[in-house]
Structure formats: C-alpha cells, structure tokens
Amino acid sequence: MIALGFLGWLTVVALDERYEVAAGHTRYQEFLAALADMRWDGISLPLLALTALLGFEILKLARRWVDTVALTYDHERVVFHPTLYKKSLKWSDVARLQHRAGGVRSDLLIELKSGRRLRVRNCEEDDVARLLDWYEEARRGQEDAEKPAPRAPAL
C-alpha cells in the first residue's frame, strides 16, 4: 500500500512541472534534482521512467503474491512461474538439484548438464524437501516412485 502511494506521488511529480526536486545536502540529492529537471513539455522523463520501473516491480510482486507457486513439475519437465523469467526444463537436462537453507532464506539450486545453474529463491522448505525426495526416487528409476505433487515450492 505504501509503495502504491509512493508510485502515485512520483507520477504526479513526474507529470506536473510545478513540482521541483530541490538540491539538498545528501549524497545523491543534486543528481536527483538534475534528473528531475530533464523535462519535455513539462514531463520529467527520468522520473517518469522511474515511475514505470517501480510500477512494473509492483505488478510483478502482486503476481507473485496472487500465485505463490514458484514452479510446477511432472515426470517430463519443470515449469517456472512467469515472473521468474526462466524457460521450462526437461528433467533430462538437469544434472542435480540442491537445497540451500539458512536462517531466513531457502533457495533451490538447479544445476544443468550444460553447466548453467538456476536459483529459485525463497522456497518453502517442506516443498523443496518433497521435490528432492521425488527427484531422487525418479532418478533411481524405482517403479514405485511417487507421482509429483501438482504444486511445488512456493515463493
């Protein structure tokens, strides 16, 4: 809510030439004032760009809040949430999975056979543990491997 209020205020400052960012005594205040003064027909282009970037990040955060599933998987592939900007993977391309947890964070690391590594941040530890167990059973090729859960680690 605070971010939306700030976004609205920043939009007004960017679009209305009556508002000026005054140079102050902080490290970047003069730089910000100079950027705010770059106007075209009364519109501060740098502040408008900053507004667009902030709006994009708020939308991305809202999408993750509505759909908390970071990835889904089945016997053939792993599909990532659209906000992670990762292409789906075939299990045959995955070399190994690793879980790094500590204190506050819990990350799933996916190492590909090509040498590339993907990180899925802030996963639920129980969901990652279930995925790792399922993956190990499937790798061993056991007939009685569990079917994957329809939803996997959440952000």
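Right above here is the structure, for reference.
Residues numbered from 1 in each chain as written. Predicted model: local features only at pLDDT ≥ 70, side-chain atom pairs only at ≥ 80, totals over all residues. Heavy atoms only, no water.

(A) Examining the overall build of the protein more closely. From N to C terminus, the protein includes 4 helices and 8 strands. Starting at the N terminus, the α and β elements of the protein follow one another as α-α-β-β-α-β-β-β-β-β-β-α. The burial tally for the protein puts 29% of its 155 residues in the buried class. For the protein, restricting intrachain contacts to residue pairs at least 6 apart in sequence, the fraction spanning at least 24 positions comes to 44%. (Helix = DSSP H or I, 4+ residues; strand = E, 2+ residues; numbered from the N terminus. Buried < 20%, exposed > 50% of the residue type's maximum accessible area, 1.4 Å probe, protein only. Contact = heavy atoms within 4.5 Å.)

(B) Expanded view of the sheet that holds strand β7 (residues 105–112). Spatially, 3 strands are ordered β6-β7-β8 in an open sheet, and the strand pairing comes out antiparallel. Each of the sheet's edge strands pairs with one partner strand only, and the pair in question is β6 (94–102) and β8 (117–120). In this sheet, adjacent strand axes meet at a mean angle of 20 degrees when their direction is disregarded. With 4 bridges connecting them, β7 and β8 associate as antiparallel partners. Bridging across to β8, Ile110 finds its partner in Leu118. (Pairing = 2+ DSSP bridges. Axes fitted to C-alpha atoms, helices over the stretch in contact; angles between N-to-C directions.)

(C) Inspection of a nonpolar patch on the surface at higher detail. Together, Leu15, Trp40, Leu45 and Leu48 make up a nonpolar patch on the protein surface, roughly 400 Å² of accessible area in all. Topologically, Leu45 is positioned in helix α3 (residues 45–66). (Patch = residues over 30% accessible without salt bridge, like charges linked within 9 Å, V, L, I, M, F, W, Y side chains within 5 Å. Areas by Shrake-Rupley, 256 points an atom, 1.4 Å probe, with all protein chains shown as cover. Salt bridge = Lys/Arg side-chain N within 4 Å of Asp/Glu carboxyl O.)

(D) Broad picture of the packing of aromatic side chains. The full count for this structure, using the stated rule, is 4 aromatic pairs. Considering the side-chain rings of Tyr73 and Trp91, the 6.5 Å spacing of their centres and the 80 degrees angle between planes classify their relative orientation as edge-to-face. With Tyr73 in strand β3 (residues 71–73) and Trp91 in the loop between β5 (89–90) and β6, the pair connects residues that are 18 residues apart, well separated along the chain. Each member of the pair, Tyr73 together with Trp91, is buried. Here the aromatic cluster, defined as three or more aromatic residues joined through ring pairs, consists of Tyr73, Trp91, Trp134 and Tyr135. (Phe/Tyr/Trp six-rings, centres within 6.5 Å; stacked < 30°, edge-to-face > 60°.)

(E) Up close: the environment of Lys113. The residue Lys113 is located in the loop between β7 and β8 in this model. A relative accessible area of 60% means that Lys113 is categorised as exposed. For the pair formed by Lys113 and Val94, sequence separation is 19 residues and the distance between their alpha carbons is 5.8 Å. Beyond its immediate chain neighbours, meaning those up to four positions away, Lys113 contacts Ser92, Asp93, Val94 and Ala95.

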